[in-house]
Amino acid sequence: MEILFDVCRLLLSIAIAFFAGKLIAKLHLPSILGWLIAGMIIGPHALNLLSNSVLDAAWFSGLESLLECVFGLMIGTELIWKQMKKSGPQILVTTITESMGTFLVVSLAFGIIFWFADIPIYLAFMFGGISLATAPAPSLSVVRDMQADGPVTRTLIPMAALDDLVGALVFFLVIAFVSAHLSTQGIPVPIILLLVFLPVFIGGAIGFVAGKLLQHTRSAGTTLAVMLFMLLLSAGAGFAINSALPTPVLNFMLIGMSYSTAFANMIPQEKLDRIMKVMNPVIGFAMIVVILNLAAPLDYHLIFGAGAYTAVYIVARAIGKYSGAWFGATITHAPATVRKYLGFTLLPHSGVSLVFTGIAVSVLSGADPESASIIQGTIAAAAVINEIIAVFMAKKGFEWAGELHQAGHTSTNQQTEKGVSV
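Predicted model only: the values in this text are computed from it and were never measured.

(A) The arrangement of the overall build of the protein chain in detail. For the protein chain, the helix and strand inventory stands at 19 helices and 0 strands. The buried share among the 422 residues of the protein chain stands at 55%. Contacts in the protein chain between residues far apart in sequence, at least 24 positions, make up 82% of those at least 6 positions apart. Positive and negative charge centroids in the protein chain, built from 20 and 21 side chains respectively, lie 16 Å apart.

(B) Just the nonpolar core, in detail. Membership of the largest hydrophobic core comes to 130 residues, with the highest contact counts inside it found for Leu123, Met126, Phe127, Phe263 and Ile375. Among the elements that take part in this core, helix α9 (residues 151–181) stands out by supplying 15 residues, more than any other. If we skip the residues at most four places from it in the chain, Leu123 touches Phe114, Leu364, Ser371, Ile374 and Ile375.

(C) Looking closely at the side chain of Thr345. Among the secondary structure elements, Thr345 is positioned in helix α16 (residues 336–345). Among the polar contacts listed, one links the side chain of Thr345 to the backbone oxygen of Leu342, at a separation of 2.7 Å. In this structure Thr345 touches Ser139, Val152, Leu156, Ala394 and Phe398, once residues within four positions along its chain are discounted.

(D) The arrangement of unusual backbone geometry in detail. The phi dihedral of Asp118 falls on the positive side, at around 60°, and the residue is not glycine. Position of Asp118 among the secondary structure elements: in the loop between α6 (88–117) and α7 (122–131). Among the residues examined, Asp118 registers a relative accessible area of 71% and is labelled exposed. In this structure, Gln147 is a non-glycine residue whose phi angle is positive, near 50°. Along the chain, Gln147 turns up in the loop between α8 (136–145) and α9.

(E) Structural view of helix α18 (residues 369–400). The terminal C-alpha atoms of α18, which comprises 32 residues, lie 44 Å apart, in line with the 46 Å expected from a rise of 1.5 Å per residue. Along its length, α18 shows its largest kink, about 30°, at Asn386. A positive backbone phi angle near 75° is found at Gly402, which sits one or two residues after α18.

What counts, and at which threshold
Residues numbered from 1 in each chain as written. Predicted model: local features only at pLDDT ≥ 70, side-chain atom pairs only at ≥ 80, totals over all residues. Heavy atoms only, no water. Helix = DSSP H or I, 4+ residues; strand = E, 2+ residues; numbered from the N terminus. Buried < 20%, exposed > 50% of the residue type's maximum accessible area, 1.4 Å probe, protein only. Contact = heavy atoms within 4.5 Å. Lys, Arg positive; Asp, Glu negative; His and termini not counted. Charge placed at Lys NZ, Arg CZ, Asp CG, Glu CD. Core = buried A, V, L, I, M, F, W, Y, C linked by side-chain atoms within 4.5 Å. Polar contact = N/O pair within 3.5 Å; in protein donor to acceptor, adjacent residues only side chain to side chain. Expected span 1.5 Å × (residues − 1). Bend = angle between axes of the 7 residues up to and from the residue.

Keep in mind these numbers describe shape, not what the thing actually does.
Here's what the structure looks like:
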């Protein structure tokens, strides 16, 4: 009976978020802003409709992870090798420069502060590692909601996948070095690499098998059934491996992304379009649940208690993301709009950052509880403040680039600047 009550709470929360998104859209703002605000209002720190009993439930965690896989379809089905091979090096270089630029700027800013404040310098690198995380859902929901298309959009979509890989790799390497420094149980580098790339291997392997099967399906129903069954198999493999780990850290969005990338490159475009026509409403539903899970735990009270560390973190991270993206786009001769505006679409942050923060706190809590408190309070406040600002800035980035409401305008898309493959 309690589970049924919690399911009703979730369904009502989804309905409220949906209508909040519709209301916000009437103000010519992205629907996700409505979802975020609704999530915080109905979450545990306000009305408590979407309570901790729902958010902490095993069934909800499983559902949310499965929907992250579904959300990954939106990214993976856009990563068509024939279309990407010309712009692939540009995207890879820009991903590395914006990630490492963010790590360096944030680490340097906190390193200087902590040097004078007599706080362990390794904490600065932990802030740098957490800052790399980009939450792709907010920016991609703007793409979907406001029908964005153009060089910035087509650079962002594949970067959303690569950015998570680079961010996770750097973060876990930092955690390994810090845990070794604190003489806690160190994480071997091979294990780090396995944890970071395992979701890609899982999704890619099962996606390859799915692609082979989809090459032989004839009816639309059979095609969809095979795709969904293999998607569930991908998620199931992720659940099985996650349950065997001390902390569940597998990224299910990457599983869904790599799964769909594999089969999308093995079947005709017409068949892929039929699959996505059916899946698009499901992806929209998945987006709302993923955003609610991101927004509900955020405590809006932290806005009023945010201190100097929170301000430094938000500003330094924004400078790192923007300057790193600008530098990568410049040296790869990307279009002017990508150089100027891509950085704004990379500002959304919470979600993965909160997972990273939890891992960092668990590493620090025994040996250095004071540092654990600093990092937890700073990131929690930054998550609330940054997320609202970042959605506005992401929308403005697409708007300034002239890419809103351009999806489907083939003639417009073809008039892109040299350097990005359409």
